Amino acid sequence: MMSQGTFLELLDLAARQKGLRADITLFPQGEFGPATLDKRPVARIRLSPDAAVKPDPLFAHILARRTNREAYEPREPAPAAVQAIAASVAPHPVRTGFVGPAQPDVLQKHRAIASEAWRIELVTPRTILESFKVLRVGPREIAEHRDGLSINTPMVRALTALGLFDRSKAPGPDDTATTGQIKDFNTKIATTPAFFWMVTEGNDRKTQVNAGRAYARAQLAATAQGLSMQPLSQALQEYPEQARPYADIHALLQAPPPRYTVQMWTRLGYAPVVGPAPRRGVESHLIKT
């Protein structure tokens, strides 16, 4: 639902750039329940010319927006940049927060929860296999699918070519593939200078979609300030093995469930620019009637 929201926010920004008003009605045929999705639409959008519509400065940063999973520089985000990110989500009812080097004890708690949640995901067979299903290795697979998770490193490509990387089986917790990823992630987390989060009261479908819209704005504002973000979704997931990190991050952010939900939690910092992820074109997503 948050991904649907990010799409809707980018569409709204693009419409404004063209002098169009995007009237967005969420769940026009009603919301589907928590257990399963159905064919009812998430949103209905009507575009209309409107001379009163003004462009939003965030539009200029759409093509530079990235999820940056690399190591971040140790320096603290500038206070003005943090303020700009917080101000960007004003159109949506979310509570935002930041932590950085000025609160070393709290910062360390964030790092510890992130590391433990990542470890749990990697050593839980069914969750790592979910990632393997959308893992694209090498130029051919990346070009064929243009979605999911992309790996183009020589070692993994060589193992795949030799049939030594079996994506139908989860590696053991002590396998090199697992311990190497944990070590790499922990190194990046240990030097992450700041974290950003968004909390909502309630967690119905409309709230989830609008949280996605808010996150798109926050990430665009961060991009405008030269900052990078990487969502940390592991501790926010509601499967049994993640119960402790889920409880810990909600407690740390003063968001006791079920009244409150942490909708987004990210690394935040300055990092080298990364290229865009491979994605399918617009035409492949359209159903023509």
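Residues numbered from 1 in each chain as written. Predicted model: local features only at pLDDT ≥ 70, side-chain atom pairs only at ≥ 80, totals over all residues. Heavy atoms only, no water.

**Brief notes about the overall build of the protein**
As a reminder of what qualifies: Counting from the N terminus, the helices are DSSP H or I runs at least four residues long and the strands are E runs at least two residues long. Two things to know: the radius of gyration comes from C-alpha atoms, and the globule rule equals 2.2 Å times the number of residues to the power 0.38. Whether two residues are in contact is decided by their heavy atoms, any of which lying within 4.5 Å being enough. Per-residue and other accessible areas were derived by the Shrake-Rupley procedure at a 1.4 Å probe size, with only the shown protein chains allowed to occlude residues. Note on charges: Lys and Arg go in the positive column, Asp and Glu in the negative column, and His and the chain ends are not counted at all. Every charge is mapped to an atom, namely NZ of Lys, CZ of Arg, CG of Asp or CD of Glu.
In terms of regular secondary structure, the protein is built from nine helices and eight strands. The C-alpha atoms of the protein give 20 Å as radius of gyration, which agrees with the globular expectation for 289 residues (19 Å, within 12%). Each of the three principal axes of the protein carries a C-alpha extent, and together these read 60 × 50 × 40 Å. Restricting to contacts in the protein with at least 6 residues of sequence separation, those with at least 24 account for 76%. Of the accessible surface of the protein, which amounts to about 16,000 Å², a share of 56% is contributed by carbon and sulfur atoms. Put simply, the protein has 36 plus and 27 minus side-chain charges, and the middle of one group is 5 Å from the middle of the other.

**Section: a nonpolar patch on the surface**
Test applied: Patch membership requires over 30% relative accessible area and the absence of a salt bridge. Like charges are linked within 9 Å, and nonpolar side chains (Val, Leu, Ile, Met, Phe, Trp, Tyr) within 5 Å. Salt bridges are defined by distance alone: a side-chain nitrogen of Lys or Arg within 4 Å of a carboxyl oxygen of Asp or Glu.
Together, Met-155, Leu-159, Leu-162 and Leu-164 line one region of the surface with nonpolar side chains, adding up to about 440 Å² of accessible area. Within the element layout of this structure, Met-155 appears in helix α6 (residues 154–161).

**Some points on the layout of surface pockets**
In plain terms, the rule: In the cavity and pocket records, a cavity denotes points on a 1 Å grid over the protein atoms alone where a 1.4 Å probe fits but cannot get out, a pocket denotes an open set with protein on both sides within 12 Å along at least 5 of 7 lines, and lining residues are residues with an atom within 4 Å of a point. Grid points are joined across faces, edges and corners, and a volume is the space filled by probe spheres set on the points. The nonpolar class holds Ala, Val, Leu, Ile, Met, Phe, Trp, Tyr, Cys and Pro. Asp, Glu, Lys and Arg form the charged class, and all remaining residues, Gly among them, are polar.
A volume near 210 Å³ is recorded for the second largest pocket. Around the second largest pocket, the lining comprises 14 residues; the ones closest to its centre are Ala-64, Arg-66, Thr-223, Leu-227 and Ser-228. Put simply, the parts of the chain that give the lining of the second largest pocket at least two residues each are α8 (205–224) and β7 (228–231). For the lining of the second largest pocket, the element with the highest residue contribution is α8, accounting for three residues. A per-class count over the lining of the second largest pocket returns eight nonpolar, five polar and one charged.

**Regarding the environment of Leu-107**
Within the secondary structure, Leu-107 is located in helix α3 (residues 104–123). For the pair Leu-107 and Ile-45, spaced 62 residues apart in sequence, the C-alpha separation works out to 41 Å. When neighbours within four sequence positions are excluded, Leu-107 is seen to be in contact with Val-99, Gly-100, Pro-101, Thr-192, Pro-193, Ala-194 and Phe-195.

**A short note on the nonpolar core**
The following threshold applies: Only buried residues count toward a nonpolar core. Its members are Ala, Val, Leu, Ile, Met, Phe, Trp, Tyr and Cys residues joined through side-chain atoms within 4.5 Å. Three labels apply to residues, based on accessible area from a 1.4 Å probe with only protein chains included: buried if under 20% of the type maximum, exposed if over 50%, partly exposed otherwise in between.
If you look at the biggest cluster of nonpolar residues, it comprises 27 residues, and the most contacted ones within it are Phe-195, Leu-232, Ile-249, Val-262 and Trp-265. At the level of elements, α3, α4 (125–133), β4 (135–137), α7 (176–190), β6 (194–201) and β8 (260–269) are the ones that each hand at least two residues to this core. With six residues, α3 is the single largest residue contributor to this core. Apart from residues no more than four positions distant in its own chain, Phe-195 is found in contact with Gly-97, Phe-98, Val-99, Leu-107, His-110, Arg-111, Ile-189, Leu-232, Trp-265, Thr-266, Arg-267 and Leu-268.

**Some words on the environment of Met-2**
Along the chain, the position of Met-2 falls in helix α1 (residues 2–17). Owing to a relative accessible area of 17%, Met-2 belongs among the buried residues under this scheme. Sequence-wise, Met-2 and Val-209 are 207 residues apart; in three dimensions their C-alpha atoms are separated by 4.9 Å.

**Observations regarding the packing of helix α2 (residues 79–88) against α8**
Quick note on the threshold: Each axis is a line fitted through C-alpha atoms, taken for helices only over the stretch in contact, and angles between the N-to-C directions span 0 to 180 degrees. Our angle categories are set so that under 35 degrees counts as roughly parallel, over 145 as roughly antiparallel, 65 to 115 as roughly perpendicular, and the remainder as oblique. Helix crossings fall into two classes, left-handed where the near helix is turned counterclockwise from the far one by less than a right angle and right-handed where it is turned clockwise.
Two elements in contact, α2 and α8, have axes whose closest approach is 8 Å; the angle formed by their N-to-C orientations is 155°. As judged from the angle between their axes, α2 and α8 are roughly antiparallel. By crossing handedness, the relation of α2 to α8 is classed as right-handed. Contacts between α2 and α8 involve Ala-84, Ile-85 and Ser-88 from the first element and Arg-217, Ala-218, Ala-221 and Ala-222 from the second. Broken down by class, the residue content of the contact of α2 with α8 amounts to five nonpolar, one polar and one charged.

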